[in-house]
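Examination of the molecular architecture
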Amino acid sequence: MIGDDGHPDDRAIRRAATEQVKMIVAAEGEPPTANEAIKGFVSSYIFQLGLVELKDQITSGTLDGNEALTRERMLRGWIDAKIRTLAVDAGPAVSSNRMHQTAADLAQRAIRVLRAR
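Residues numbered from 1 in each chain as written. Predicted model: local features only at pLDDT ≥ 70, side-chain atom pairs only at ≥ 80, totals over all residues. Heavy atoms only, no water.

**Quick notes on the overall build of the protein chain**
Along the backbone of the protein chain there are four helices and zero strands. When the helices and strands of the protein chain are placed in sequence order, the string is α-α-α-α. Within the protein chain, the fraction of its 117 residues that count as buried is 32%. When contacts within the protein chain are restricted to residue pairs at least 6 apart in sequence, long-range pairs at least 24 apart make up 69% of them. In the form shown here, the protein chain has an accessible surface area of approximately 7,400 Å², with 52% of it arising from carbon and sulfur atoms. (Helix = DSSP H or I, 4+ residues; strand = E, 2+ residues; numbered from the N terminus. Buried < 20%, exposed > 50% of the residue type's maximum accessible area, 1.4 Å probe, protein only. Contact = heavy atoms within 4.5 Å. Areas by Shrake-Rupley, 256 points an atom, 1.4 Å probe, with all protein chains shown as cover.)

Take a look at the structure:
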């Protein structure tokens with residue numbers, strides 16, 4: 001799932017994974033449950049992919065900095081709302097294929113939202 005750091009999508013997944021590990025290690029008291037950790041990673045991953053999309057739009061001249069900030073805030077709220085209702089069965093083991101598909105589906109929806117505005 002993680003390739004070379006040369007592609008923006010690979011950097012996004014590396015950042016999301018790093019953020020999640022830092023959050024787990026720095027947690028005071030009880031660490032997050034498996035469900036919370038999965039949701040945290042998926043949330044961070046989708047947000048990082050959204051930032052890649054926004055950067056591409058700024059670079060191509062289709063979006064200015066102020067509008068990018070507005071969309072970034074909107075994206076965070078959208079992700080939080082979707083992740084809250086995300087049903088993750090952390091049972092004895094989480095299927096990596098299921099997690100990947102769920103993250104990919106939400107990421108595609110987030111990108112469509114960002115491009116539609």
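Moving on from the model shown.
**Quick look at the packing of aromatic side chains**
A full pass over the atoms with the stated rule returns one aromatic pair. Note on Phe41 and Tyr45: the rings are 6.0 Å apart at their centroids and 5° apart in plane angle, and the pair reads as stacked. On the criterion of helical spacing, the pair formed by Phe41 and Tyr45 is a turn pair, its members being four residues apart in helix H2 (residues 34-60). (Phe/Tyr/Trp six-rings, centres within 6.5 Å; stacked < 30°, edge-to-face > 60°.)

**Re helix H1 (residues 8-26)**
Taking 1.5 Å as the rise per residue, H1 with 19 residues should run 27 Å; its terminal C-alpha atoms sit 27 Å apart, in good agreement. Residues of H1 that are buried include every one of Asp10, Ala12, Ile13, Ala16 and Gln20, and no others. Buried residues of H1, seen end-on, are gathered within an arc of 160° and therefore sit on one face of the element. Turned more than 90 degrees from where H1 packs its buried face, Val21, Lys22, Val25 and Ala26 sit exposed. The secondary structure elements touched by the buried residues of H1 are H2. (Expected span 1.5 Å × (residues − 1). Arc of directions from axis to C-beta.)

**A look at H2**
For H2, which comprises 27 residues, the first-to-last C-alpha distance of 39 Å matches the rise-based estimate of 39 Å (1.5 Å per residue) to within 8%. Trailing H2 by a residue or two, Gly61 shows a phi angle of about 85°, which is positive.

**Side note on the packing of H2 against helix H3 (residues 65-84)**
Two numbers describe how H2 lies on H3: the axes approach to 10 Å, and their chain directions differ by 155°. In this view, H2 runs roughly antiparallel relative to H3, as classed from their interaxial angle. The element H2 and its partner H3 pack so that their crossing is right-handed. Counted together, Lys39, Val42, Ser43, Ile46, Phe47, Gly50, Leu51, Leu54, Gln57 and Ile58 of H2 and Ala68, Arg71, Glu72, Leu75, Arg76, Ile79, Asp80, Ile83 and Arg84 of H3 form the full contact between these two elements. Tallied by class, residues from the contact of H2 with H3 come to ten nonpolar, three polar and six charged. (Axes fitted to C-alpha atoms, helices over the stretch in contact; angles between N-to-C directions. Parallel < 35°, antiparallel > 145°, perpendicular 65-115°, else oblique. Left-handed = near helix turned anticlockwise from the far one by under 90°. Nonpolar A, V, L, I, M, F, W, Y, C, P; charged D, E, K, R; others polar.)

**Remarks on the nonpolar core**
Buried together is how nonpolar side chains tend to be arranged in soluble globular proteins. In terms of nonpolar packing, the biggest core is built from 24 residues, with Val42, Tyr45, Ile46, Leu75, Ile79 and Leu106 touching the most fellow members. At the level of elements, H1, H2, H3 and helix H4 (96-116) are the ones that each hand at least two residues to this core. With nine residues, H2 is the single largest residue contributor to this core. Residue contacts for Ile46: discarding those within four places in its chain leaves Ile79, Ala103, Leu106, Ala107 and Ala110. (Core = buried A, V, L, I, M, F, W, Y, C linked by side-chain atoms within 4.5 Å.)

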